[in-house]
Structure formats: structure tokens, C-alpha cells
Amino acid sequence: MRTSEVIQAWKSILSGRRPSLAIEITRECPLRCPGCYAYEEGHVSGMNLRQLHDKRGEELVQGVLALVDEYRPLHLSIVGGDPLVRYREVTQLLPQLNARGVHVQIVTSAFRPIPEEWTRFERLNVVVSIDGLQPEHDTRRKPATYARILESIRDRYVTIHCTITSQMMKRSGYLEDFVKFWNARPETKKIWMSMFTPQIGATDPEILSRKERVQAVEELMRLRAIYPKLDMPERVIREFLHPPASPHECIFAQTTHTISADLKSVVTPCQFGGNPDCSQCGCMASMGLAAVGNYELGLGVTAGKVYRASTSVSNTFRKWKRAA
Ligand code: SF4
Ligand code: SF4
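Residues numbered from 1 in each chain as written. Chains lettered and ligands numbered in written order. Predicted model: local features only at pLDDT ≥ 70, side-chain atom pairs only at ≥ 80, totals over all residues.

A. Layout of the overall build of the protein. When helices and strands are counted, the protein shows 12 helices and 10 strands. For the protein, the proportion of its 324 residues judged to be buried stands at 37%. Taking the intrachain contacts of the protein between residues at least 6 apart in sequence as the baseline, contacts between residues at least 24 apart amount to 74%. (Helix = DSSP H or I, 4+ residues; strand = E, 2+ residues; numbered from the N terminus. Buried ≥ 20, exposed ≤ 12 C-beta atoms within 10 Å, placed from the backbone. Contact = placed C-beta atoms within 7 Å.)

Structure follows, in C-alpha cells:
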């Protein structure tokens, strides 16, 4: 982020706005990934994503632009379902979002080709989710298999995102084999790694034990020095060892507004919806902002303390305004 953008983000926090907006642009997805939080009961307003009435065509395009104009985010994440289900609408949206100066991230399984028109936007980051090496990934995420993804991203430049699971940590060298494969691909701009985040009380086989989490952290620390596309600063990797205690303590949850596919329902307390277990959070974005929050500005003051003071000032100011 440039200094001017950091100042803009701070201004937006002080005026009581959240600098980041995420929109679940469609309820549809051709995949059925095990552990998908969007399709769990209670994800949004007591329902799962498939139960919402979503939009398409011009209604979707205008609905998204209206939300962007209302919330005026600096960063917009377009998620799903799979945004490529609505690639025509997204292709219409991108020039208009670019004209508004919004940074856009699209998270997809790449089950179909990334449209060529998308490549001309500098402020666009396409993130492709990949669940491990080919045999495991293909079982979990067909029809978005390795073969299909490699076809979909040909001549494109994308961020590869992998969610580490307990199953991966049971095989020595698994993470390195994954990072090595994608680091060597010309289509890979950078590689991000998260860890599986369960709901409170869940028993999914993907959940990492504490020992596996520590091992994953040690492995990522080692790999980042070898594979330059692994875009994970040490400071961020270390945060996986002590995730935010609650959504209230999570700067990512506090600075991001997530809206679901009916373009009305708000996903709380963070993009996972439902009742996520913060003590086992593995969201890389949350760790990234926690690392920023723990950054020492000097005299024992962290950026997080300044952020909390700023939000408290902005909340008090808004209360005054409402009372006046
Ligand atoms: S691709 Fe994403 S939205 Fe679709 S089932 Fe998998 S995790 Fe869920
Ligand atoms: S992103 Fe992680 S730490 Fe933040 S509220 Fe969600 S589960 Fe909790």
C-alpha cells in the first residue's frame, strides 16, 4: 500500500467507515468442497448461502455499484459461490470499479477461463484457491481440477491461495512440494497460505492440532527463504501462533464489511459467518492485519492501539452527531 492509501484508509476509519468491502456476488458454485463455510447452515442470517435469492445481469451490476457507492471501500473482495459463475457481470463491473479507484480482488476456483479483458486492470488481483497437491485437490475440488485450472490461467498472472489442512500436515514435505510446484509456474504472481478455520465446536478432519499448526509455521518460515513467490512476511506467519482472541479483537473483522448474495444480508462476525473459532483462526488476511496491529510505533505504542483509539474516537463522534 502506498502512504497516500494508508492515510486514506485511516481517514475512512476516523469517519466511521470500513475501508474494505467483501461481496458474495453469487450463491452458485459448481464445486462441493468439504469444509466450505459458505454452504454451512447458519453462514448468513441463520441460513446457508444457497438459500438466499441472488441477482444476475444488470440488477447485479447496478446492485454492486450501489453498494460500492454507499460504502466507498478502498478495497473490494468479490467472492462467492464462485464469481466466475457471473463472469459477464464481473467483466462489466471491472472498468467501473477501476474508474472509482477501488482495488479489487476476485477469489475463484478457476473452474472456467479467466477472461482476457480482466488482464488490463492494474488494480485487480485474481486469487485462485488450490487445496493442496493434484491428487488431493482433484478429489476435493472437481470439476476445478489441476488440469482445468492450468487451462483457465494460461497466459494470466494470478495469486495462488492454499488453505493448509491437518491432512496436509500428516505428510512430511507436503507444503514444500506444493510451494515448489506453484513457485515454478509462470502464471503464478505470488503464493498465499492460510490455515483451516473451524466453527466453534466443529470436528472437521481439516482442523489442525496445535502441534500441526506450530509445524506449519516452522515450515512456512523455512520455505519463504527458498521460494521467492511465497509472499508471507515472517511477521505475518508468526501471527498464526496467537490468532485474535475474538472478532472484537480482530482488525480484519473490524475493518471489513461482508455482504451476501442478496446484496442485503450482512455476514458476521467476519467473512466466515456463523460462529467461527477465533482461537483456531487461520485466515491469512486476519493474520496480516494482526501483524500490522502489533507493529511497534515506539514508546510501547502499537499500530493496533492507535487503531482502537481511532475507532473509539470515531464512534464517540458519531454518537455526538446522532445526539445533536
Ligand atoms: S469453491 Fe469456494 S464457494 Fe465453491 S464449494 Fe468450494 S469453498 Fe465453497
Ligand atoms: S477472521 Fe478469524 S480472528 Fe477474525 S473474526 Fe474471523 S475467525 Fe475470528
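B. Region of the structure containing the site of ligand 1. Around ligand 1 lies a shell formed by Cys29, Leu31, Arg32, Cys33, Cys36, Ala38, Tyr39, Gly80, Gly81, Asp82 and Ser109. Residues that form the shell around ligand 1 fall into these classes: 6 nonpolar, 3 polar and 2 charged. (Near = placed C-beta within 6 Å. Nonpolar A, V, L, I, M, F, W, Y, C, P; charged D, E, K, R; others polar.)

C. Quick peek at the site of ligand 2. If you check the shell around ligand 2, you find 15 residues, and the closest are Cys250, Cys270, Pro276, Cys278 and Cys281. Class assignment for the residues of the shell around ligand 2 results in 13 nonpolar, 2 polar and no charged.

D. Up close: helix H8 (residues 210-224). If you check H8, its first and last C-alpha atoms are 21 Å apart, about what 15 residues at 1.5 Å a residue would give, namely 21 Å. Tucked inside the fold, the buried residues of H8 contact strand S5 (158-164), helix H6 (166-169), helix H7 (174-183), strand S6 (188-195) and helix H9 (234-239). (Expected span 1.5 Å × (residues − 1).)

E. Seen up close, the pairing of S5. Within S5, 5 of the 7 residues are buried, which leaves the element mostly enclosed by the surrounding structure. Judged from the 3 bridges that link them, strand S4 (residues 124-129) and S5 form a sheet pairing that is parallel. If you follow Val128 over to S5, its bridge partner there is Ile160. Alignment of S5 against S6, held across 7 bridges, turns out to be parallel. Within S6, the position partnered with His161 by the bridge is Trp192. (Pairing = 2+ DSSP bridges.)

F. Structural detail: the pairing of strand S1 (residues 20-24). The element S1 is largely enclosed, with a buried count of 5 among its 5 residues. Along S1, one buried face is formed by Ser20, Ala22 and Glu24 and the opposite face, lined by Leu21 and Ile23, is buried too. Here S1 pairs with strand S2 (residues 75-79) via 5 bridges, running parallel. Across the sheet, residue Glu24 finds its bridge partner in S2, namely Val79. In terms of handedness, the path from S1 via helix H2 (residues 57-71) over to S2 forms a crossover that is right-handed. Sheet topology note: the S1/strand S7 (residues 256-259) ladder contains 4 bridges and is parallel. Among the inter-strand pairings, Ala22 is bridged to a residue of S7, identified as Thr258. (Right-handed = clockwise from strand over helix to strand, strands pointing away.)

G. View of the environment of Asp138. Note on placement: Asp138 falls in helix H4 (residues 134-141). The class of Asp138 is partly exposed, set by 18 C-beta atoms lying within 10 Å. Residues Asp138 and Arg148 lie 10 residues apart in sequence; the distance between their C-alpha atoms is 9.8 Å. Beyond its immediate chain neighbours, meaning those up to four positions away, Asp138 contacts Thr145 and Tyr146.

Any functional reading would require information beyond the geometric quantities listed.
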